[in-house]
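Descriptive structure summary
The residues making up each chain are set out below.
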Amino acid sequence: MGQNKLKLLFGVLAIVFAVVAVALLLVGILAVHFDEAALVKVLVIIISVICFIIAAEMVYMFYIESDSAPNYFLYNAQTKRNIPVQKMTFQVINSRMNRYLSGYAPSEGKLWTERIFDNPYLEMDDKFKPAVAYKLLYDLAERDSEQGWKCFEIASEETVEFLCTALEMNYDTDMARTLRQMKTSAPLNLKYVRDYIVKNRNYLKSKLCHYIYDNIQLF
């Protein structure tokens, strides 16, 4: 069951048990004025109290579910709790992105060269796409290796277009336009590609982090 559906269930159950508890309590109080069996009065009041307790538990679970539901970037498997957003460093984001991308290909080079992102039926949540684009471009700049730049050269235009579209999802239109122009130019000037991406290394790192920070509730 999804997080939002689970929260909704706890909220509805809290309201239902609270209403039942109030109704039973009123019946128990009003029964005092009538010559009813004492045992019935006691049972009604006891059931009313139990319903109040269950309603309180549902409210508690509603807020617990809101605060501690596993978040892809914040969840700590050892403590089984989300870490505060303030403690989500670049190292945490980077390791989570490495894990995420490993589900699509066994190596970063294959992400560029195996046309994985060309698949029209690619199963990837839109929320991850800008992060994937920044991550792949940042890694090219960080490693700054001949093999990495060769991957950009070999990559299909559709793969680069996937990254450009993902950048535009985060309103990064200037970089998307530049990457398109570089990829479609003939012949491709790999030195210009390298200089441009390496120069924007810190920018890419910052954009990756801020995209995750600003949209953390989506993950």
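Presented here is a report on the structure given in the accompanying data block.

Parameters and conventions
- Residues numbered from 1 in each chain as written.
- Predicted model: local features only at pLDDT ≥ 70, side-chain atom pairs only at ≥ 80, totals over all residues.
- Heavy atoms only, no water.
- Helix = DSSP H or I, 4+ residues; strand = E, 2+ residues; numbered from the N terminus.
- Buried < 20%, exposed > 50% of the residue type's maximum accessible area, 1.4 Å probe, protein only.
- Contact = heavy atoms within 4.5 Å.
- Areas by Shrake-Rupley, 256 points an atom, 1.4 Å probe, with all protein chains shown as cover.
- Core = buried A, V, L, I, M, F, W, Y, C linked by side-chain atoms within 4.5 Å.
- Axes fitted to C-alpha atoms, helices over the stretch in contact; angles between N-to-C directions.
- Parallel < 35°, antiparallel > 145°, perpendicular 65-115°, else oblique.
- Left-handed = near helix turned anticlockwise from the far one by under 90°.
- Nonpolar A, V, L, I, M, F, W, Y, C, P; charged D, E, K, R; others polar.
- Arc of directions from axis to C-beta.

Per the secondary structure count, the protein includes 10 helices and 2 strands. Helices (α) and strands (β) of the protein occur, in sequence order from the N terminus, as α-α-β-β-α-α-α-α-α-α-α-α. Counting only residues that meet the buried cut, the protein has 36% of its 219 residues in that class. In the protein, 69% of the contacts between residues at least 6 apart in sequence involve partners at least 24 apart. Accessible surface, the protein as shown: approximately 13,200 Å² in total, 60% of it carbon and sulfur.

A few words now on the nonpolar core. As a rule of thumb, nonpolar side chains are buried together in soluble globular proteins. Counting residues in hydrophobic clusters, the biggest one holds 49 residues, and the most contacted among them are Phe73, Trp112, Leu179, Ile197 and Ile212. Elements represented by at least two residues in this core include exactly α3 (90-102), α4 (108-113), α5 (129-143), α6 (146-154), α7 (157-169), α8 (173-184), α9 (190-199) and α10 (201-214). For this core, the element with the highest residue contribution is α5, accounting for 9 residues. Ignoring anything within four residues of it in the chain, the contact list for Leu179 reads Leu137, Phe152, Val160, Cys164, Leu167, Tyr196 and Ile197.

Two elements in contact, α6 and α9, have axes whose closest approach is 10 Å; the angle formed by their N-to-C orientations is 115°. Taken together, the axes of α6 and α9 are roughly perpendicular relative to one another. Handedness of the α6/α9 crossing: right-handed. On the side of α6, the interface is formed by Trp149, Lys150, Phe152 and Glu153, while α9 contributes Leu190, Val193, Arg194, Ile197 and Val198.

Trans peptide bonds make up the majority, and among non-glycine residues the majority have a negative phi. A cis amide bond links Ala186 with the next residue in sequence, Pro187, at an omega value of 0°. One non-glycine residue, Arg115, adopts positive backbone phi at about 55°. Among the structural elements, Arg115 can be located in the loop between α4 and α5. For Arg115, a relative accessible area of 46% gives the class partly exposed. Although it is not a glycine, Asp144 adopts a positive phi angle of roughly 45°. Along the polypeptide, Asp144 turns up in the loop between α5 and α6. The partly exposed category is assigned to Asp144, whose relative accessible area is 30%.

Time to look at the packing of α8 against α9. Axis separation between α8 and α9 bottoms out at 10 Å; the angle between their running directions is 160°. If you check the angle between α8 and α9, you find them roughly antiparallel. In the crossing of α8 with α9, the sense of the turn from one axis to the other is left-handed. Where α8 abuts α9, its residues Met175, Thr178, Leu179 and Met182 lie against Tyr192, Val193, Tyr196 and Ile197. Here the residues of the contact of α8 with α9 sort into 7 nonpolar, 1 polar and no charged.

So, on to α6. Those residues of α6 not exposed but buried are Gly148, Trp149, Cys151 and Phe152. Mapping the buried residues of α6 onto a view down its axis gives an arc of 150°, with all of them on the same face. Among the exposed residues of α6, those oriented more than 90 degrees off its buried face are Glu146, Gln147 and Ile154. For α6, the secondary structure elements touched by its buried residues are α4, α5, α7, α8 and α9.

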